[in-house]
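Chains, contacts and geometry: an overview
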Amino acid sequence: MGNHADGGWLSQLEERSRKKQELFMDGIAAKLGRDRVRSAPEHPFRGAPDFWHEFQWPLEEKITQFTANFEAAGGHAVRVSNREEVSRFIRDKALEMSAATILRQREEALDLLELEESLPEAMILSWNEAADTDWRAVAAKADFGVVMADYAAAYTGSITVKSAPHKGRSVSLLPTVLIAVIPVDRMYTRLGEILFQFDQGGREQLPAGIHFISGPSRSADIENDLTIGVHGPGIVYAVLVDSYE
Amino acid sequence: MNTAESKAHSVKERAGYALNNEFLRNAVKFTTERLRLGKKLASEEHGNWDEWRERGRQIRLHTIAHLDYYLNEFAEQARANGAHVHFAETAEEAVALSLQIAEHKSAKSVVKSKSMVSEELHLNKALDSIGVEAVETDLGEYIIQLADETPSHIIIPAIHKNRYQIAELLSEEAGETLPPDTAIMAGFVRMKLREKFLEADIGMTGCNFAIAETGSMVLFENEGNARMVTTVPKTQITLMGMERIIPSWADLEVMATLLPRSATGQKLTVYMSGISGPKRELDADGPDEMHIIIIDNGRSLQLGDPEFQELLNCIRCGACLNACPVYRHIGGHAYGGTYSGPIGAVLTPALNKNVAEWDDIANASSLCGACYEACPVKIPLHDMLVSLRRRKIEAGRGDKLEAMGMKGFSAIMGNAKRYRSVVSLGKWGQKFVVRNGEIRTRIGPLKGWNSYRVTPSLPKQSFRDRWPEMERDIRRTSGQMEPEIANRLKERLQQQKSRKGEDSHG
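Residues numbered from 1 in each chain as written. Chains lettered and ligands numbered in written order. Predicted model: local features only at pLDDT ≥ 70, side-chain atom pairs only at ≥ 80, totals over all residues. Heavy atoms only, no water.

The name given to chain B in an unreviewed UniProt entry is Amino acid dehydrogenase, and the organism recorded there is Paenibacillus glucanolyticus.

This is the structure in structure tokens:
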């Protein structure tokens, strides 16, 4: 089907949808027994209870709690002091597990790890570095996915990654092993401190995908028996780094 | 569900099958116990649980009270993100839209992540009818799809299958014999479904929450299949109940606090994803085209109904199933609808607008209040069950015994002293054992107006054998009824008196 015909079909659908939308909203208002509400109502209960906003851990406690939570969920957390140690950690893991293909986000911060030099036998690929490649398929075959965390939340042991042209959603999802590098200054106490920023920035600043990752992929669907790595990575390393200069 | 079971027409017949199935009873009990305990520990560890519940309830109440504004805002913002938004009043319309999209994409296959809405629509059969293969990718859903069954628990859909049955199903799919070993079976599914993900034309998901202010939809999951479904195929369809809305990301913190802890006892599910429209122009993954189908299918019937509007607050965590002594004993299939347990007992007739359904579903409950206490957004499910029964009687569908029970209920509630003495007996399950004005505590639950109505189909001896166990469950899980519940039931009775005979529901 050509794009033109497709576009015509979609705009027809949209026209129908907009009409229906009015009927829907009128119907809701009628059932609620009042006129349509057309401007943002006052929302007195927005977000977490008030006492929660004051809750803050100092840095060391955040790291301790993040580590405990992440490991309780089946992930591994390690702490290193600088970028060189991150690089060494990834190299050692790659050698230990005989990783043949490593796919990383195309971020400057990850260029600095110089994995290409430290792992000459492995194939190191950067997300979306060539236009004519099916990057999803590349990710599906990769042994390691390496990402920088945009944020982390200690209270739930979660890593947050945001999508971008140079940051694929697949990189944290399809490889067998996920390694997430987390500079400790990106660590917050609560989930809400991260979510708040999405409200602040507003719709136009949001990427297509924001993902919170709190351990390896898991399922208990067969007789409550915990299975790791059902669809996503079964092995996940959170590498907490004190100074990523 | 086996054939005989699926032919059973009533809850009591289906429950009879369930109670005769030893494995099922044990599996359901074990699983619900695990989840219930997980929730208890997680909510205690988190602390101030009732304040969080109250906050969750307020956010849901506020959103539903202004649903026209927030839903409209969501639709506008989602369009601004580049998504195509559609509205479907009925299941049929939603199915027609989905099929139309599949046809326009010349789709051969659809990969799906767990969606209760899609179960409401019976979408897989519809897709099959136009030659499109629909593949469930959640491990539990995949298993029951291979078995051609329906989910028996909202969170653990294949709760009723043992590993040998699962190995048999998967071996058939693999074309070789797989051992009944969880890791090996899961490994096979991972490999098999990887192929399906990569070749699928359309990914289809449900929606846990939709954020009005930014037009984003949020998915909670542990396996990663929902992420696959929203990342790999070129076209994505999201099926969304019209009430899934929350205003902001700040409100998501409250839902993210309540939902995983209530469902499985996790602090957060392994993945929580916020999807805002299709992939951006330069992105190398994510769908090129995203459709969001907003579905009513009976939901709006609850709006403006003082007794049932709060049903729309439900966040689908399954905590009421795990807390319910009846669910724990009969399992999900006995309820016969898409949703089971206490929420299903109310939601199914409410969505179906089907008076006949009230006949038995509302009776599959002991009215012990455990569901309310478990509910992270404090939906008064047991009040609603009473209301359903009352409406059934008012509609002339009750039986005499039950009507007498209702009178007994009035008699108790109308007399403070008698009421107190009844309350002191314990939970509603035993309290509603009023017959001919007297309270019979020993075998009452089998005979009263609200007698746990799955029982007549069972050999009496076997049920009586089981009752002490169930009674223990009720006491253990719920403790004393909260004064708040008792007061509300009382208020409701007052309201009933002033609007006698009127039947506004359905």
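A word on the overall build of chain A. Scanning chain A from N- to C-terminus turns up 8 helices and 12 strands. In terms of overall size, chain A is more extended than a compact globule, its C-alpha atoms giving a radius of gyration of 22 Å where 245 residues would be expected to give roughly 18 Å. Within chain A, the fraction of its 245 residues that count as buried is 58%. Taking contacts inside chain A between residues at least 6 apart in sequence as the whole, the part at least 24 apart equals 72%. Surface exposure of chain A reaches about 10600 Å², of which carbon and sulfur atoms provide 48%. For chain A, the separation between the mean place of its 26 positive charges and that of its 37 negative charges on side chains is 8 Å. (Helix = DSSP H or I, 4+ residues; strand = E, 2+ residues; numbered from the N terminus. Rg over C-alpha atoms; globule rule 2.2 N^0.38 Å. Buried < 20%, exposed > 50% of the residue type's maximum accessible area, 1.4 Å probe, protein only. Contact = heavy atoms within 4.5 Å. Areas by Shrake-Rupley, 256 points an atom, 1.4 Å probe, with all protein chains shown as cover. Lys, Arg positive; Asp, Glu negative; His and termini not counted. Charge placed at Lys NZ, Arg CZ, Asp CG, Glu CD.)

The final tally for this structure, using the stated rule, is 17 aromatic pairs over all chains. With 6.1 Å between their ring centres and 55° between their planes, Tyr151 of chain A and Tyr188 of chain A make a pair best called tilted. Placement of Tyr151 of chain A in strand 5 (residues 151–153) and of Tyr188 of chain A in strand 8 (residues 187–188) is noted, with a sequence separation of 37 residues between them. Here Tyr151 of chain A falls in the buried class, since its relative accessible area comes to 10%. An angle of 70° between the planes, with centres 6.2 Å apart, marks the rings of Tyr151 of chain A and Phe198 of chain A as edge-to-face. Residue Tyr151 of chain A is found in strand 5, and its partner Phe198 of chain A is found in helix 8 (residues 191–201); the two are separated by 47 residues along the sequence. The pair formed by Tyr151 of chain A and Phe198 of chain A is uniform in burial state, with each residue classed as buried. An aromatic cluster of at least three residues, connected via ring pairs, comprises Phe51, Trp52, Phe55, Trp57 and Tyr155 of chain A together with Trp52 of chain B. (Phe/Tyr/Trp six-rings, centres within 6.5 Å; stacked < 30°, edge-to-face > 60°.)

Our focus in this paragraph is the nonpolar core. Phe66 of chain A together with Leu252 and Met272 of chain B are the most contacted members of the largest nonpolar core, which totals 130 residues. If you tally residues by element for this core, the top one is helix 13 (residues 249–263) of chain B, at 8 residues. Once you skip the residues sitting within four places of it in the chain, Leu252 of chain B turns out to touch Leu195 of chain A together with Phe209, Ile211, Val218, Phe220, Ile246 and Met272 of chain B. Residues Tyr70, Met242, Met290 and Leu303 of chain B belong to the second largest nonpolar core, which totals 30 residues. (Core = buried A, V, L, I, M, F, W, Y, C linked by side-chain atoms within 4.5 Å.)

All names here are of chain B. The sheet built from 6 strands is open, its strands ordered 1-10-7-4-2-3 with parallel pairing. Each of the sheet's edge strands pairs with one partner strand only, and the pair in question is strand 1 (84–88) and strand 3 (133–136). Mean inter-strand twist for the sheet, computed between neighbouring axes without regard to direction, equals 20°. As paired strands, strand 2 (residues 109–112) and strand 4 (residues 202–205) are joined by 3 bridges and run parallel to one another. By the bridge assignment, Val111 is partnered in strand 4 with Gly203. (Pairing = 2+ DSSP bridges. Axes fitted to C-alpha atoms, helices over the stretch in contact; angles between N-to-C directions.)

Quick look at the interface of chain A and chain B now. Often, the extent of an interface is quoted as the loss of accessible area upon association of its parts. Each partner contributes residues to the interface: chain A has 90 residues there, and chain B has 115 residues. Taking both sides of the interface into account, the surface hidden between chain A and chain B amounts to around 8700 Å²; carbon and sulfur atoms contribute 56%. The interface formed by chain A and chain B holds 7 salt bridges in total. In this structure, Arg34 of chain A and Asp68 of chain B form a salt bridge, with 2.9 Å as the shortest nitrogen-oxygen distance. (Buried area = accessible area lost by both parts, 1.4 Å probe. Salt bridge = Lys/Arg side-chain N within 4 Å of Asp/Glu carboxyl O.)

Glancing now at the environment of Thr338 of chain B. All names here are of chain B. In this fold, Thr338 is placed in the loop between helix 15 (325–330) and helix 16 (341–352). With 30 residues separating them in the primary sequence, Thr338 and Cys368 have C-alpha atoms 23 Å apart. Excluding residues within four positions of it along the chain, Thr338 makes contact with Met116, Glu119 and Glu120.

Once that is clear, we can look at the environment of Ala140 of chain A. Here Ala140 of chain A lies in helix 7 (residues 135–141). What makes Ala140 of chain A buried here is its relative accessible area of 18%. Note: C-alpha distance between Ala140 of chain A and Pro175 of chain A (35 residues apart in sequence) is 5.7 Å. Residues within four places of Ala140 of chain A in sequence aside, it is in contact with Leu174 of chain A together with Arg194 and Leu198 of chain B.

All names here are of chain A. Across the sheet, 6 strands lie side by side as 1-12-7-4-2-3; this open sheet has parallel pairing. What marks the edges here is a single partner per strand, and that holds for strand 1 (76–82) and strand 3 (123–126). Mean inter-strand twist for the sheet, computed between neighbouring axes without regard to direction, equals 20°. The pairing of strand 2 (residues 101–104) with strand 4 (residues 144–148) spans 3 bridges and is classified as parallel. Looking across to strand 4, one finds that Leu103 is bridged to Gly145.

All names here are of chain B. Over its 12 residues, helix 16 extends 16 Å from the first C-alpha to the last, a length consistent with the 16 Å expected when each residue adds 1.5 Å. Counted residue by residue, helix 16 has 11 buried out of 12 residues, so it is predominantly covered. Within helix 16, the full set of buried residues consists of Gly341, Pro342, Ile343, Gly344, Ala345, Val346, Leu347, Thr348, Pro349, Ala350 and Leu351. Downstream of helix 16 by a residue or two, Lys353 has a phi angle that is positive, lying close to 50°. (Expected span 1.5 Å × (residues − 1).)

What follows deals with the packing of helix 3 (residues 22–46) of chain B against helix 13 of chain B. Residue and element names in this part refer to chain B. Between helix 3 and helix 13, whose axes approach to 7 Å, the crossing angle comes to 145°. Residues Leu35, Lys39, Ala42 and His46 of helix 3 lie in contact with helix 13, whose contacting residues are Thr257, Arg261, Ser262 and Ala263. Class assignment of the residues belonging to the contact of helix 3 with helix 13 gives a composition of 3 nonpolar, 3 polar and 2 charged. (Nonpolar A, V, L, I, M, F, W, Y, C, P; charged D, E, K, R; others polar.)

For the rest of this paragraph, the subject is the pattern of salt bridges. Residue and element names in this part refer to chain B. For the structure shown, the criterion picks out 40 salt bridges over all chains. The closest approach of N and O atoms between Arg57 and Glu54, which form a salt bridge, is 3.3 Å. Of this pair, Arg57 and Glu54 both sit in helix 4 (residues 49–65), 3 residues apart, which is roughly one turn of that helix. The exposure class of Glu54 is partly exposed, given its relative accessible area of 25%.

Moving on: the environment of His46 of chain B. Residue and element names in this part refer to chain B. Position of His46 relative to the elements: it lies in helix 3. Accessibility expressed as a relative area gives 8% for His46, which makes it buried. Along the sequence, His46 and Lys267 sit 221 residues apart, while their C-alpha atoms lie 8.6 Å from each other. Here the side chain of His46 touches Trp52 through a polar contact of 3.0 Å, side chain to side chain. (Polar contact = N/O pair within 3.5 Å; in protein donor to acceptor, adjacent residues only side chain to side chain.)

This part covers helix 19 (residues 381–394) of chain B. In an α-helix, one turn spans 3.6 residues, which is why side chains three or four residues apart end up on the same side. All names here are of chain B. Helix length check: helix 19, at 14 residues, gives a terminal C-alpha distance of 20 Å against a target of 20 Å (1.5 Å per residue), a fit within 8%. Counting buried residues in helix 19 gives 12 out of 14 residues, a clear majority hidden from the surface. Along helix 19, the residues that are buried comprise Leu381, His382, Asp383, Met384, Leu385, Val386, Ser387, Leu388, Arg389, Arg390, Arg391 and Lys392.

A negative phi holds for most residues other than glycine; trans holds for most peptide bonds. Despite not being glycine, Asn224 of chain A shows a phi value in the positive range, around 60°. Structurally, Asn224 of chain A is set in the loop between strand 10 (218–219) and strand 11 (227–228). You can call Asn224 of chain A buried: its relative accessible area is 17%. You will see that Asp148 of chain B, though not glycine, has its phi angle at about 55°, which is positive.

Right, let's get into the side chain of Arg244 of chain B. Tracing the chain through its elements places Arg244 of chain B in the loop between strand 7 (235–241) and strand 8 (245–246). Sequence-distant contacts of Arg244 of chain B, that is, excluding residues within four places in its chain, are made with Arg60, Cys207, Asn208, Phe209, Ala210, Cys314, Ile315 and Arg316 of chain B.

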